[in-house]
Amino acid sequence: MTLDLHKLEHLVAVAEEGGFTRAAERLHLSQQALSTSIRTLERYVGVQLLDRGHQQVTPTPAGHALIEDARALRAQAYAALDRARRIGRGQAGHLRIGHTPAVTAEEVVDLLSRAGTEEEGIQAHVRQLFPDELREQLLTGACDVGLCRSMPADSGLTRARVAEHRLRVAVPAAHPLAARRAVALADLRGEPLTVWGEPGASAYTDLLIGLCRQAGVEPDTRRNPVQGTPPITAVTATGRIAFVTAPPGPAAGGAARVVDLDPPVDVPVHALWPAHTTCRVRDVFLSRCGGLAEEGGPV
């Protein structure tokens, strides 16, 4: 028997679903067929991969290790198939980029320009994705590279810093801070701050809160009720302030104003990509952005 990618998919599904019933439904298999597949895999590996408890099925340490590598193998297999198909269609120079809402489309275009993708004959396909969607598409090979602010490099992914942007504050045009040339983070004490993810559930929100706390401010964060919209939109719609990376000055047709922070604060842009995979156009993009040095863990 050779290592069967389908059986690895079965193992990953059981681990992610916490049991055979939901995993079988997800895979459109009978529970018996799924159980047989996992036991066959365990015999091939030679160790137990799952602890089969009464309430939940959990991976053993060996199972965790194999699942981590299985996700990387899955991404590599999908990427290899997709690359072959694109080459066969004459699309070898295509790069699929996903970016979270925290990274603006303008910032993605700036990175592409800096990387000289057009001169290299690379055609970029860019989509905005929420973090969970981006992570899933990277792990399944549906996306070549993801751009984010602070997402951690989860199992199966590699991360590098590719850019930094100056952080500023957007306020309604009638707000008292709008008349200031610059503000300090300490000046934001007591101001309702719009964020796009709940604290503890969003790495970028946690980064922004951490910056405020370093300045001695406990921010009054409120999650934007309309997800996926630009920060300036949230400022004009809610009357609250928001952190942005837009240039200083009037914004949203004069309804808002972007004010510098003093002292200046920079926030990163990270690239994420499937570990243990090869992609020439992605490597060209990353190397020209200065992002081939690997990082691990959240900011």
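Note that the structure is a prediction, hence the values are computed from the model and not measured.

1. Details of the packing of helix α1 (residues 5-17) against helix α2 (residues 20-27)
Pairs of packed helices are described in terms of their axes, by the angle between the two and the distance that separates them. Running from amino to carboxyl end, α1 crosses α2 at an angle of 130 degrees, the nearest separation of the two axes being 8 Å. One finds that α1 runs oblique with respect to α2. α1 and α2 meet at a crossing whose hand is right-handed. From α1, His-10, Ala-13, Val-14, Glu-16 and Glu-17 reach across to α2, where they touch Phe-20, Arg-22, Ala-23, Arg-26 and Leu-27. In terms of residue class, the contact of α1 with α2 is built from five nonpolar, one polar and four charged.

2. What to know about the layout of surface pockets
Of the volumes computed, that of the largest pocket is approximately 880 Å³. Lining of the largest pocket is provided by 41 residues; of these, Pro-101, Ala-102, Val-103, Trp-196 and Tyr-204 occupy positions nearest its centre. Contributions of two or more residues to the lining of the largest pocket are made by α5 (105-115), α6 (131-139), β8 (192-195), α7 (203-214), α8 (231-238) and β10 (241-244). Element by element, the count of residues in the lining of the largest pocket is highest for α7, at four residues. Taken together, the residues of the lining of the largest pocket break down into 22 nonpolar, twelve polar and seven charged.

3. Observations concerning the state of the cysteines
Inspection of the entire model under this criterion finds zero disulfides. The thiol of Cys-279 is unpaired, and the distance to the nearest cysteine sulfur, on Cys-143, comes to 10 Å. Judged by relative accessible area, Cys-279 falls into the buried class, the value being 8%. Cys-289 forms no disulfide, and the closest cysteine sulfur to it belongs to Cys-148, at a distance of 13 Å. Residue classification places Cys-289 among the buried positions, given a relative accessible area of 6%.

4. Concerning the packing of α2 against helix α3 (residues 31-45)
Two numbers describe how α2 lies on α3: the axes approach to 9 Å, and their chain directions differ by 100 degrees. Our classification of the angle between α2 and α3 gives roughly perpendicular. Contacts between α2 and α3 involve Phe-20, Thr-21, Ala-23, Ala-24 and Leu-27 on the former and, on the latter, Gln-31, Leu-34, Ser-35 and Ile-38. Taken together, the residues of the contact of α2 with α3 break down into six nonpolar, three polar and no charged.

Parameters and conventions
Residues numbered from 1 in each chain as written. Predicted model: local features only at pLDDT ≥ 70, side-chain atom pairs only at ≥ 80, totals over all residues. Heavy atoms only, no water. Axes fitted to C-alpha atoms, helices over the stretch in contact; angles between N-to-C directions. Helix = DSSP H or I, 4+ residues; strand = E, 2+ residues; numbered from the N terminus. Parallel < 35°, antiparallel > 145°, perpendicular 65-115°, else oblique. Left-handed = near helix turned anticlockwise from the far one by under 90°. Contact = heavy atoms within 4.5 Å. Nonpolar A, V, L, I, M, F, W, Y, C, P; charged D, E, K, R; others polar. 1 Å grid on protein atoms, 1.4 Å probe; cavity = no way out; pocket = protein on both sides within 12 Å on 5 of 7 lines; lining within 4 Å. Points joined across faces, edges and corners; volume = space filled by probe spheres on them. Disulfide = S-S within 2.5 Å. Buried < 20%, exposed > 50% of the residue type's maximum accessible area, 1.4 Å probe, protein only.

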